[in-house]
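Spelled out, the chains give:
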Amino acid sequence: MNTTAALQAQRNPAIWMLFGVSFAHLLNDAMQTAVPSAFPLFQSEMHLSFTKIGWVAFMLNITASLLQPFIGYVSDRRPMPFLLPLGMLFSLAGVVGFAYADSFWMLLVSSALIGVGSSVLHPESSRVARMAASGGKGMAQSVFQVGGNTGQALAPLLVAFLLMPHGQKGFLWFTIFAVAGIVIQQIISRWYAGQLTAAASIKKAANRMLDQQSPHSTLFVAGTMALLIILLFSKFVYIAGMTGYYSFYFIDHYGLSFSRAQICLFALQFAGMVGTLLGGPLADKFGRKTMIWISIAGTAPFSLLLPYASPAVALVLCCAIGLILMSGFSVIIVYAQELMPRHIGTVSGLFFGLAFGMGGLGSVLLGWLTDVKDVAFTIELCSFLPLLGLCAFFLPKDSKLMGKA
């Protein structure tokens, strides 16, 4: 009876902590996604080339890319709850920097600060989400991810209606997000620390069990991880092209306003939020491999049509792309965690880091390509990236992943 009561007592706050890390993810990703959404503002006020715009995105993403695997690796050995509020402090410094940046190098420093904030948030928050899961790990990871997707969806609207009327000083609105995030993450960090203390002996027993069970060879793990990285590449370079350059394409191609372009990006991100929420539960029911395959390869017919559609049809296609494409990331994370169950933080940090890094490198290359060619060429080229999702066909079945016959 005492054990049952204790488990129930732990489960109730765990649900709130799951929603808490999801909301903190929303705040973080809203601040982060506001940066590429504001590229037309930077270009008009600071007369930046597309290549320089790409470098701003690169600095934002490469910082997170390099730090997240390291933080995940270290936290696997020594979890650090205090990092949760600390990450939001870096983001606070970053948005203040953007508000007062008057040179290209200040934009780069501000991007790096927000990148550091994201790199601190993702590995530890993903661990908290998994810890708070009562059974459905896919569902828990989707709840965590949908917070980030909601923030990404809101960012273009926040930029259009808060940032644009005030210019760069509008970034000061995002200080409210950062301060709220600090408070929420402080509460979560206390619960997280308590859970670590209570679960210390259970973790030791689980680790001994996992030491005895190593069903996968190094070659199997390396091959599977390589396939997952290819899928991440197709997903996040495509997203970098859409979030960073589709606004320019929309304005040039249709002759419509910046605000109308932001509505299309909002549709993409909002549909992605819905897709993320559905992806985890559907993967729990129909299998991880199936959902990964559908989420990327299933995007291709819509992405290939997008550059040639009318504005109204483009809005519908953006919804379809977001819904399908973004349903797979939380599933990929859980798939990789099950492949390497002793290294939850490392896997989370690696995949979030790769996501940011590929997005950052993609932004630089796509910016250079846009300067050399034009924005239409860039968007048309990006439309083929989801075809790489066909590689998911070669992923091991879920049963083999779990070490079952």
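Before reading on, note that the structure itself is shown above.
Predicted, not measured: the structure shown is a model, and the values here were computed from it.

Draft legend 1. Looking closely at the overall build of the protein. Scanning the protein from terminus to terminus reveals 17 helices and zero strands. Within the protein, contacts between residues separated by at least 24 positions form 85% of all contacts whose residues are at least 6 apart in sequence. Accessible surface computed for the protein: about 16700 Å², of which carbon and sulfur atoms make up 72%.

Draft legend 2. Summary view of unusual backbone geometry. One non-glycine residue with positive phi stands out, namely His-47, at about 55°. Note on placement: His-47 falls in the loop between α2 (39-46) and α3 (50-77). For His-47, a relative accessible area of 71% translates into the label exposed.

Draft legend 3. Fine view of the nonpolar core. Phe-171, Leu-228, Tyr-246, Ile-292, Leu-306 and Phe-351 are the most contacted members of the largest nonpolar core, which totals 104 residues. With 18 residues, the top contributor of residues to this core is helix α9 (residues 218-254). Setting aside chain neighbours within four positions, we find Phe-171 in contact with Ala-34, Ala-38, Phe-42, Val-95, Phe-98, Ala-99 and Leu-163. Core analysis: the second largest hydrophobic core is formed by five residues, Ile-71, Leu-83, Val-116 and Val-120 among them.

Draft legend 4. Region of interest: the pattern of salt bridges. According to the stated counting rule, one finds one salt bridge in the structure shown. For Arg-288, the salt bridge is made with Glu-338, and the minimal N-O distance between the two is 2.8 Å. Residue Arg-288 is located in helix α11 (residues 288-297), and its partner Glu-338 is located in helix α14 (residues 329-339); the two are separated by 50 residues in the primary sequence. Residue classification places Arg-288 among the buried residues on the basis of a relative accessible area of 10%. Look at Glu-338 and you get buried, because its relative accessible area is 16%.

Draft legend 5. Quick peek at the packing of α11 against α14. In the contact formed by α11 and α14, the axes pass within 9 Å of each other and the chain directions differ by 145°. Judged by the sense of rotation from one axis to the other, the crossing of α11 with α14 is left-handed. Contacts from Arg-288, Met-291, Ile-292 and Ile-296 of α11 reach α14 at Val-331, Ile-332, Val-334, Tyr-335 and Glu-338.

The rules behind each value
- Residues numbered from 1 in each chain as written.
- Predicted model: local features only at pLDDT ≥ 70, side-chain atom pairs only at ≥ 80, totals over all residues.
- Heavy atoms only, no water.
- Helix = DSSP H or I, 4+ residues; strand = E, 2+ residues; numbered from the N terminus.
- Contact = heavy atoms within 4.5 Å.
- Areas by Shrake-Rupley, 256 points an atom, 1.4 Å probe, with all protein chains shown as cover.
- Buried < 20%, exposed > 50% of the residue type's maximum accessible area, 1.4 Å probe, protein only.
- Core = buried A, V, L, I, M, F, W, Y, C linked by side-chain atoms within 4.5 Å.
- Salt bridge = Lys/Arg side-chain N within 4 Å of Asp/Glu carboxyl O.
- Axes fitted to C-alpha atoms, helices over the stretch in contact; angles between N-to-C directions.
- Left-handed = near helix turned anticlockwise from the far one by under 90°.

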